[in-house]
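# Examination of the molecular architecture
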Amino acid sequence: RRVLFRSRGSPCLFSGGLDSAAGAIVLTRNNHDPTLSHTATSNIALGKASRLHSQSSLRRLPLIITDMRTEGADFVTGKTRGLLFLSNALILASSLEQDHLFLPENGPLMINPHVSLRAEPTKNAHPYLINTLEKIFNGITQSHVRIDPIFKDMTKAEVAAKVLNEGITDISWSCFNVQGQSKMCGKCFACFVRRLSL
């Protein structure tokens, strides 16, 4: 198992969204050839990520899926999603004997400001979470894995511009309202930012 893993590159979080797909493509262009790391918390999210992987140029990259689905309920709330995804990817990076973990999230969504009274902002990719989790993980495991937020200084429009000709905009998923949805809602903050950016 360890020999099998050695040929694989550093993990790149892969949610099935536009940013994560763009991150994997940009990393590949820069000769990183990442291992895609998806944490499945629902059938829909897993289906969207698997479809994006199989129907794009990303299909040649290894996709590691950590199945965290439970029968009848989505136990992961929006507020703990990033913690779960990053923790699983850190474990994967350590297993692959890699010292990097790539987090392809654009800067505004990393900060995720409070934009309306109805919006409930999360801090799933906030710099504070990244720095804290990195310190905890490395302290416990005596590792030296660095979380690299590769799009932290870019907007979603700048990220999307890097991959507009890659055919991923129609098959990627950016909606926050995943459960029970067959298409993006068009109303949440993620849908709004996506539409505005494209």
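Here, the structure is the one placed above.
The rules behind the values
- Residues numbered from 1 in each chain as written.
- Predicted model: local features only at pLDDT ≥ 70, side-chain atom pairs only at ≥ 80, totals over all residues.
- Heavy atoms only, no water.
- Helix = DSSP H or I, 4+ residues; strand = E, 2+ residues; numbered from the N terminus.
- Expected span 1.5 Å × (residues − 1).
- Buried < 20%, exposed > 50% of the residue type's maximum accessible area, 1.4 Å probe, protein only.
- Contact = heavy atoms within 4.5 Å.
- Salt bridge = Lys/Arg side-chain N within 4 Å of Asp/Glu carboxyl O.

This part covers helix α4 (residues 81–95). With 15 residues, α4 ought to run about 21 Å at 1.5 Å a step, and its terminal C-alpha atoms sit 21 Å apart, in line with that. Along α4, the residues that are buried comprise Gly82, Leu84, Phe85, Leu86, Asn88, Ala89, Leu90, Leu92 and Ala93. Looking at the buried positions of α4, the neighbouring elements they touch are β1 (11–13), β2 (35–40), β3 (63–67), β4 (100–102), α6 (127–141) and β5 (146–148). Of the residues trailing α4, Glu97 is marked for its positive phi of about 55°.

Between side chains of opposite charge, a pair can form as their charged atoms come close. Across all of its chains, the model carries six salt bridges by this definition. The closest approach of N and O atoms between Arg60 and Asp33, which form a salt bridge, is 2.8 Å. Taken together, the residues Arg60 in the loop between α3 (43–54) and β3 and Asp33 in the loop between α2 (18–29) and β2 connect sequence positions 27 residues apart. Residue class for Arg60 comes out exposed when judged on its relative accessible area of 53%. A residue is classified by how much of its surface remains accessible, and Asp33, at 36% relative accessible area, is partly exposed. As a salt-bridge pair, Arg146 and Asp148 come within 3.9 Å of each other at their nearest N and O atoms. Under the relative-accessibility criterion, Arg146 is labelled partly exposed at 42%.

Keep in mind these numbers describe shape, not what the thing actually does.
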